[in-house]
Amino acid sequence: MSDPLLSVQGLSVSYGRVQAVRDVAFEAAEGSLVTLVGANGAGKTSVLNAVAGLLKPRQGKVLYDGNDVTRWPAHRLVDAGLVQVPEGREVLASMTTHENLQLGGWHRKETSAASIDEMYVRFPVLAQRRELPAGALSGGEQQMLAIARALIAKPRVLLLDEPSMGLAPKVVDEVFRVIEEIRASGTTVVLVEQNARRALRAADFGYVLETGSLAHSGPGTQLLADERVINAYLGID
Amino acid sequence: MLSDYSATLTLIALTAIFAYSFYAVLLAGQLSLGQAGLASLAGFSATIVVPDDPIAGLSPLVVGIPVGMAVGALVAFLLGLPVMRLRGVFLAIATLGFGEMVRIVLINAEWTGGAQGTTLPKLVTPGIAWGALLLVAYWFWRLGGSRLGRALAALREDELAARAMGVDVSRYRMTAFVTSGAVAGLYGVLIAYFSRFITPDDFGFSAAVDGLVTAVVGGSLMFLGPLLGSAFLTSVPEVQRALGVEAGWIRPFLSSALLLVVILFLPGGLSSLIPRWRSPKVDPDVSPPELAPLPARGSPVLSLTGLGKAYGGLHAVRDVDLELRSGEVLGLIGPNGAGKTTLVNLISGLAAPTSGSGTVLGRELGPIGRGHLFAKAGVSRTFQHSKLFDRLTVLENALVGAHVVSRPTLLRRLLWLPSARRDEQRALAQAGAQLTRVGLGDRAGVPAGELAYGDRRRLEIARALAGHPTLLILDEPAAGMNHVEARELSTLIRSLADDGITVLLIEHNVRMVLETCTRILVLNFGEVIAAGDPATIAKDPVVIEAYLGSDGPADTRV
Amino acid sequence: MQQVLNGIFAGSIYALFAIGFTLVFGVLDRLNLAHAATFTVSAFLGIELVADLGLSIWAAIPAVLVFGALLGLIIERLAFRPLKGRNDAHFAGLISSIAVGGMFMALLLARYGPDTRRFPAEAFPTTDFQLGGVRITLLQLVILGVSLGLMLGLAFLVNNTGLGRGMRAVAENPHAARVLGVNVDRVTATTFAISSALGAVAGVLLAFYVNSAQMTMGFNIELKGLAVIIVGGMGSLKGAMVGGIALGLAEVFAVQYVGSSWRDVVAFGMLFGILLVRPQGLFGPRQVREV
């Protein structure tokens with residue numbers, strides 16, 4: 001069995017004196033979909049930010065494609081194919097949809113018009129909104145834009161932070177369909193979600209975080225059926 | 001030789017006074033650069049009224065100084081009215097522009113002598129200069145321990161939190177501004193009658209920058225700052241001269257380089273090198289102030305009707321109806337982005353509703369800017385991302401919380417009146433009691449920025465309690481706490497409720513909410529999706545789905 | 001009409017200077033008060049290149065552009081990069097840039113002394129044109145051309161290139177920019193370099209216009225530059241251009257109708273006016289941040 005494409009070991013993250021994440025470890029084999037679930041404040045976003053190079057972890061290691069990338073800054077990771085779709089989408093509201101997509105390939109000098117056109121084919125709604133400022137798009141459309149933008153960077157590993165947040169159920173279906181397609185095309189996906197059920201159903205493997213530490217882990221379907229997971233969310237003994 | 005030193009000494013004093021005028025606004029976290037213009041106006045106004053001969057044996061300055069200070073204060077007030085709402089860089093530029101306008105207007109005016117300037121008798125002796133400086137320094141020293149001084153320091157650290165504690169931000173900002181004007185006016189008069197010759201050009205951009213630099217190098221966190229800054233910067237050229245460094249370009253180069261080094265490596269200025277003495281101890285014999293009793297159980301605390309808040313097209317909160325009565329512990333839960341914090345901002349007066357209406361403890365919800373009045377009415381709150389005054393100690397944070405129940409002390413402190421000390425002690429007792437209540441009694445002297453996370457959350461609560469609130473709003477107080485800490489918090493909240501405080505609690509830790517609250521409200525997408533007692537809510541499928549998420553269109557299992 | 005043209009020429013220089021200011025503020029949320037020193041130093045350098053090294057005044061412009069860019073990189077390194085992440089970074093940045101500006105001015109004093117310097121008389125072309133009763137010199141046309149050209153070039157860069165998109169991304173949301181893989185440090189340094197390069201050219205152009213350079217030219221234009229960017233809207237390139245030209249015109253008319261000693265007040269009159277009526281400036285962002 002080959003090494004996992006992405007492997008996180010002993011990760012601890014602090015903001016000043018606040019320790020948000022304590023000794024978290026997980027891994028993602030190439031082509032798999034791995035999910036991190038947990039209640040709010042459990043530290044999921046902090047983990048993802050550390051992996052994506054936006055935060056320096058206090059301790060721990062991030063191994064990607066055989067390299068120790070723990071201290072790599074975000075732009076270097078994006079270059080290497082590790083791309084995040086951040087929480088809250090963070091599209092650049094004042095720039096047009098098209099410009100947002102162009103930014104997705106910022107580091108690549110040769111982002112061809114072709115790869116952007118591919119995105120328009122895949123997400124027709126974006127083509128319709130091409131010249132509109134991204135701030136005018138609906139929540140679901142912005143989520144598609146954020147994902148498309150990340151895909152232009154041709155990621156090997158895609159980190160998704162709460163893609164369903166604030167979206168209506170029907171739109172969430174769309175989003176998960178897209179995520180499935182992405183996984184099917186061979187990209188490794190690390191999905192952080194509050195919507196535990198959807199995420200666990202889609203995942204090959206799941207990790208449950210509780211107040212900054214790993215509480216449970218296992219194949220997605222197994223965790224779905226596990227009473228303890230549900231109770232961890234609702235805090236019932 | 002001796003006269004050389006006398007001039008240098010006087011100059012140190014006067015430069016320090018000018019630096020104090022910057023200090024006065026930096027205290028409140030404002031960067032105003034109009035002091036040179038104010039000094040200019042004051043100085044030239046004084047030339048009109050100061051007589052040539054002594055009056056009744058007193059120096060003619062006896063007329064000049066009050067006039068100068070009054071002019072400085074008045075113009076500062078007038079300038080402040082439009083300019084006060086500007087923040088940061090905008091304020092700096094506007095005030096700089098003001099200074100420049102003053103310079104040009106005065107240069108073109110005949111009564112000032114224009115660019116030719118005015119010649120004046122030398123009336124300022126080192127004694128007068130140092131006397132004035134000591135009075136100014138005394139004022140700021142006494143300000144430091146007063147209620148006003150603490151409120152200014154708080155508003156500099158975090159304006160929103162200060163407002164939530166009942167600090168009237170606009171009024172206090174203006175107070176700092178006017179004080180700065182008066183001190184600048186004093187400087188203007190003194191420097192005029194010291195230099196014996198002034199032109200409006202002496203009070204231009206570079207003078208303003210020099211004053212700012214002095215204040216910053218000295219440090220704006222402690223009252224000795226301006227004095228240190230002035231002594232240091234005035235002696236640097238003297239030292240250079242003594243070392244044989246010629247005038248010309250080397251001196252300004254070294255001064256600028258020194259400034260760069262100070263700001264990069266010593267952000268608190270020279271005065272940060274002086275160890276701060278710890279906050280006053282709480283006198284165990286003094287009891288907390290007489291506080292109004294809390295309202296009887298069951299009396300209305302808040303009432304919201306169709307309340308809504310929209311940002312552009314986005315409805316953060318929509319159509320919320322809520323009645324809250326004294327003695328309840330209401331839990332507000334819901335997934336991320338459900339609108340809980342927005343709702344709480346509306347209730348605590350920090351945001352204005354865009355639809356519907358509400359009353360909290362007799363106050364109508366309405367346009368913002370009156371947030372501090374809600375604190376006065378008895379509403380107190382903590383914040384989701386803790387907004388402590390990091391550079392103040394634990395005790396000082398709690399003291400700011402007690403702002404609405406303590407009395408102003410500055411004027412009495414200037415005279416060392418014992419009643420001021422008694423009021424201070426009472427406020428300290430109140431603050432100290434709350435710290436003990438949350439278990440922070442032994443950390444009173446620690447700067448808030450150095451506290452561990454759990455302690456920070458507890459300090460937020462102590463600070464909110466110090467204001468003797470009727471309604472206490474806690475925004476995710478248990479965030480980041482483990483089960484044990486959360487349980488302790490739950491016990492504390494219930495004890496507060498037993499004491500008669502109404503509590504509104506936002507939390508993600510659903511178990512804690514189920515254990516602590518008498519009633520629960522569930523929000524999603526800005527609307528109330530469920531309300532009721534804990535047992536009912538725990539079993540409500542709508543609630544469970546909102547948290548755990550649905551399985552997808554085909555699945556209706558719970 | 002002659003006056004209008006004079007106003008436009010002076011205004012284009014103001015605009016070029018102001019655009020450097022507003023670029024750094026817009027992208028990085030920082031006010032670089034060493035910009036005026038860059039302006040002054042470049043003016044003197046321009047004169048030295050022409051008077052002592054025999055460069056033609058046309059060649060002096062690109063030379064100064066490059067020099068200005070270097071100064072910009074130095075300013076960023078010394079005054080702003082060390083403050084990254086500090087919570088008083090805004091305030092400290094003002095002071096540190098004042099300090100670095102002071103250091104530049106001291107070095108300037110060392111090299112050139114305190115006196116005013118002028119171009120040698122023969123350096124300027126004597127061609128001029130008559131257009132319907134108005135006289136325009138070649139020099140003035142070049143000043144206008146270079147200013148407008150650089151400003152339009154900047155606008156093109158910001159709106160149409162990858163670097164420009166990166167700058168706009170950092171301006172709007174530095175966190176999102178980082179997530180996207182934008183090298184924020186590199187964009188920051190480049191922004192400073194461009195900003196100072198423009199300020200440097202503004203300096204040498206003003207030296208052309210008034211045929212002199214003196215130590216105080218920096219103070220004067222710094223304040224006017226600040227007024228222009230507030231009137232135009234902090235962070236708005238269009239605002240800086242329009243504001244600069246408006247100021248140039250307003251000053252010319254003030255001198256015409258009120259008196260030359262009141263010329264400098266115009267800038268502040270406009271400044272206060274705008275602050276009272278429309279604090280975000282003519283082209284500034286729609287709303288000031290709320291709670």
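Owing to the predicted nature of the structure, the values given are computational and were not obtained by experimental measurement.

Calculation rules
- Residues numbered from 1 in each chain as written.
- Chains lettered and ligands numbered in written order.
- Predicted model: local features only at pLDDT ≥ 70, side-chain atom pairs only at ≥ 80, totals over all residues.
- Helix = DSSP H or I, 4+ residues; strand = E, 2+ residues; numbered from the N terminus.
- Expected span 1.5 Å × (residues − 1).
- Buried ≥ 20, exposed ≤ 12 C-beta atoms within 10 Å, placed from the backbone.
- pLDDT = per-residue confidence, 0-100.
- Contact = placed C-beta atoms within 7 Å.
- Pairing = 2+ DSSP bridges.
- Axes fitted to C-alpha atoms, helices over the stretch in contact; angles between N-to-C directions.
- Core = buried A, V, L, I, M, F, W, Y, C linked by C-beta atoms within 7 Å.
- Domains from an automatic or database assignment.
- Nonpolar A, V, L, I, M, F, W, Y, C, P; charged D, E, K, R; others polar.

Right, let's talk about helix H6 (residues 139-152) of chain A for a bit. Helix length check: H6(A), at 14 residues, gives a terminal C-alpha distance of 20 Å against a target of 20 Å (1.5 Å per residue), a fit within 8%. Counting buried residues along H6(A), 12 of its 14 residues qualify, which places the element largely inside the surrounding structure.

Attention shifts here to the confidence of the model for chain A. Across chain A, the average pLDDT comes to 86, with 92% of residues at or above 70. Averaged over each element, pLDDT in chain A is lowest for helix H10 (residues 227-234) of chain A (67) and highest for strand S7 (residues 157-161) of chain A (94).

Residue and element names in this part refer to chain B. Relative to the elements of secondary structure, Thr234 occurs in helix H10 (residues 225-242). Sequence separation between Thr234 and Thr15 is 219 residues; the distance between their C-alpha atoms is 8.2 Å. Excluding residues that lie within four positions of it along the chain, Thr234 makes contacts with Thr8, Leu11, Ile12 and Thr15.

Moving on: the sheet that holds strand S10 (residues 213-219) of chain A. Residues and elements named next belong to chain A. As summarised here, the arrangement of the six strands in space is S6-S7-S8-S3-S9-S10, forming an open sheet in which the pairing is mixed. Each edge of the open sheet carries a strand with a single partner, namely strand S6 (82-85) and S10. Ignoring which end each strand starts from, the neighbouring axes of this sheet average 15 degrees apart. Where S6 lies against S7, four bridges are found, and the strand directions are parallel. Note that in S7 the partner of Gln84 across the bridge is Leu159.

Side chains of nonpolar character tend, in soluble globular proteins, to be buried together. Within the largest apolar cluster, 359 residues are counted, with the highest numbers of intra-cluster contacts made by Ile17(B), Leu190(B), Leu505(B), Ile19(C) and Val201(C). Ranked by the residues each element gives to this core, the list is headed by helix H1 (residues 2-28) of chain C, at 16 residues. When residues of this core are sorted by domain, at least three fall in each of domain 1 (2-273) and domain 2 (300-548) of chain B.

Further remarks concern the interface of chain C and chain B. In this assembly, 34 residues from chain C lie in contact with 32 residues from chain B. Elements represented by at least two residues in the side of chain C that touches chain B include exactly helix H4 (89-112), helix H9 (217-232) and helix H11 (265-277) of chain C. Considering each element in turn, the side of chain C that touches chain B owes the most residues, 14 residues, to H4(C). When its residues are assigned to classes, the side of chain C that touches chain B shows 28 nonpolar, four polar and two charged.

All right, on to the sheet that holds strand S5 (residues 329-333) of chain B then. Within a sheet, neighbouring strands are paired by backbone hydrogen bonds and run either parallel or antiparallel to one another. All names here are of chain B. Spatially, the six strands line up as an open sheet ordered S8-S9-S10-S5-S11-S12, and their pairing is mixed. Every other strand in the sheet has two partners, leaving strand S8 (379-381) and strand S12 (527-532) as the edge strands with one partner each. Averaged over all pairs of adjacent strands, the angle between their axes in this sheet comes to 20 degrees, without regard to strand direction. Note: strand S11 (residues 519-524) against S12, five bridges, orientation antiparallel. Within S12, the position partnered with Asn524 by the bridge is Glu527. Contacts from helix H12 (residues 340-347) reach S5, S8, strand S9 (471-475), strand S10 (502-506) and S11, with the element oriented near 155 degrees to S9.

Our next topic: helix H10 (residues 237-257) of chain C. Residue and element names in this part refer to chain C. Compared with the 30 Å implied by 1.5 Å per residue over 21 residues, the 30 Å span of H10 between its first and last C-alpha is a close match. Within the span of H10, buried status applies to Leu237, Gly239, Ala240, Met241, Gly243, Gly244, Ile245, Ala246, Leu247, Gly248, Glu251 and Val252. The inward-facing, buried residues of H10 abut H1, helix H5 (138-160), H9 and H11. Taken from the residues just after H10, Gly259 is the one with a positive phi, measuring 140 degrees.

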